[in-house]
Amino acid sequence: MITFFKSKPYEFPALKLVIFVLFNSWCIGTSAMTISDAVEVQLAKVYEAQDVQEYLVSEKFDGVRAIWRNRTLMTRQGNMINAPAWFTEQLPDMWLDGELWISRNTFEEIASIVSRYTADNNEWKRVKYMVFDAPNFEDKFTIRSKHYTSVLLALNLSHVLPVEQLTLATNHQLTELLMDITQNGAEGLMLHKADSDFQSGRSDDLLKLKPYMDSEALVLGHIEGKGKYSGLLGSLLVQSEDKNGNEVTFKIGTGFTDSERKTPPAIGSTITFTFHGYTKNGVPRFASFLRIAKMREALLPFDLQ
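Residues numbered from 1 in each chain as written. Predicted model: local features only at pLDDT ≥ 70, side-chain atom pairs only at ≥ 80, totals over all residues. Heavy atoms only, no water.

### Let's talk about the packing of aromatic side chains
Formally: Only Phe, Tyr and Trp rings take part, Trp by its six-membered ring, and two of them pair if their centres are within 6.5 Å. Stacked means planes under 30 degrees apart, edge-to-face means over 60, and tilted covers everything else. Each helix is a run of H or I in the DSSP string that is no shorter than four residues. Each strand is a run of E no shorter than two, and both are numbered from the N terminus. Each residue gets one of three labels from its accessible area relative to the maximum for its type: buried under 20%, exposed over 50%, partly exposed in between, using a 1.4 Å probe on protein chains only. When the NZ atom of lysine or the CZ atom of arginine is within 6 Å of a ring's centre and also within 35 degrees of its normal, the charge is said to sit over that ring.
Under the counting rule described, the total for this entry stands at eight aromatic pairs. Judged by centre distance (5.4 Å) and plane angle (70 degrees), the ring pair of Trp 95 and Phe 198 falls under edge-to-face. Here Trp 95, found in the loop between helix 2 (85–88) and strand 6 (96–101), pairs with Phe 198, found in the loop between strand 9 (188–193) and strand 10 (201–209); they are 103 residues apart in sequence, far enough to count as distant. Note on Trp 95: relative accessible area 7%, which makes it buried. Relative to Phe 275, the ring of Phe 273 lies with its centre 5.5 Å away and its plane at 40 degrees, an arrangement referred to as tilted. Each of the two residues, Phe 273 as well as Phe 275, counts as buried. Three or more aromatic residues link up through ring pairs in this structure, and these residues are Phe 250, Phe 273, Phe 275 and Tyr 278. In this arrangement the basic side chain of Arg 69 is found over the ring face of Trp 95, its NZ or CZ atom lying 3.7 Å from the centre. In this structure, Arg 261 packs its charged tip against the face of Tyr 229, placed 4.1 Å from the ring centre.

### Quick look at the confidence of the model for the chain
The condition that has to hold: Confidence per residue, as judged by the predictor, is encoded in pLDDT with a range of 0 to 100. The contact definition used throughout considers only heavy atoms, calling two residues in contact when any of these lie within 4.5 Å.
Overall, the prediction assigns the chain a mean pLDDT of 82, with 83% of residues at 70 or greater. Mean pLDDT in the chain bottoms out at helix 1 (residues 14–29), which sits at 41, and peaks at strand 8 (residues 160–162), which reaches 97. Counted against residues more than four places away or in other chains, residues 6–33, with its pLDDT under 50, gives 29 contacts. With pLDDT under 50 throughout, residues 295–305 is counted as low confidence; its partners more than four residues away or in other chains account for 45 contacts.

### Comments concerning helix 3 (residues 107–114)
Using the following cut-off: The arc in question is traced by the directions running from the helix axis to the C-beta atoms.
Every buried residue of helix 3 is listed here: Phe 107, Ile 110, Ala 111, Ile 113 and Val 114. Along the axis of helix 3, the buried residues cluster in a sector spanning 165 degrees; they form a single face. Buried residues along helix 3 sit in contact with strand 4 (64–69), strand 6, helix 4 (121–124) and strand 15 (288–292).

### Here's the deal with the sheet that holds strand 10
Filter applied, for reference: In this description, strands pair whenever DSSP reports at least two bridges between them. Here, axes are lines fitted to C-alpha atoms. For helices the fit covers the stretch in contact, and angles between N-to-C directions go from 0 to 180 degrees.
The four strands lie next to each other as 2-10-9-3, forming an open sheet whose pairing is mixed. Strand pairing shows two members of the sheet lacking a second neighbour, strand 2 (42–46) and strand 3 (55–60), which therefore form its edges. Along the sheet, successive strands turn relative to each other by an average axial angle of 40 degrees, direction set aside. Both strand 2 and strand 10 contribute to a ladder of five bridges, which runs parallel. Across the sheet, residue Ala 44 finds its bridge partner in strand 10, namely Ser 203. The sheet contacts of helix 6 (residues 171–183) involve strand 3, strand 9 and strand 10, and relative to strand 9 the element is tilted by about 140 degrees.

### Looking at the sheet that holds strand 4
With respect to topology, five strands assemble into an open sheet ordered 5-4-6-7-8, the strand pairing being mixed. Each of the sheet's edge strands pairs with one partner strand only, and the pair in question is strand 5 (72–74) and strand 8. The mean inter-strand angle of the sheet, taken between neighbouring strand axes irrespective of direction, is 35 degrees. Direction of pairing for strand 4 relative to strand 6: antiparallel, over a ladder of five bridges. Residue Val 64 lies in a different strand from strand 6, and its bridge partner there is Leu 100. Those strands touched by helix 5 (residues 141–155) are strand 6, strand 7 (128–133) and strand 8, and its axis lies near 150 degrees from that of strand 7.

Okay, structure coming up:
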């Protein structure tokens, strides 16, 4: 059943949202195996025409973020990923960061495989661990990338692969590379500053470049549609951040399938949306629904936030 705002949608009862999120988190948390607190990882900012000569460039793999540390494969929230023993038993005793991935345009498949509490051995044979950093090797990224590459190549495991890091001379070459790989199904590119030390959190040391910008938003409410969408979802009322980190509330009314308009993302859930820059008021411009965001981070039910 969908509960729509009939009038004054911004008068959403915040207390109900807090209760919903806390109850949902408690229910999910009771079935989770938490290994540790959130894992230190580097998070990417959006590329804004920085000098590409200062960065190493690689494909952005549309998979599941996975950290190998203390001989445990885990999500960035510190929860165990239930991979088969053979998948991890030969991994080196070092901290690795990467993506569990199958191939381009197979995100839903890898999501399904990794999200299971009991590993399907045959399905995991399709999965590759694409490693793009070795954070505890204390050196600049250009040296760290050579280190993880040599270690993983020496293992000679078909399912554990070092991510290739490219050096480009001009930003025009970067644009050409982006067009080439995205036309062939890739999600985008990552730029990692060559002379940077590892540091957790977001900084200009790690950048992402896609044909469009994307971000996440908290669903505050459902607004009923009109005309052909009468009785269905017309738009979501959401809360996100502007480019300065300030909270903004706005509506997203495009990007939904008919099925998603019948059963829209739940109030209190987090979605991913695409957009093209910001208005003068800091609201994402031309925002369009992409997917439920829990599928983007760790994919596991207990990693919902």
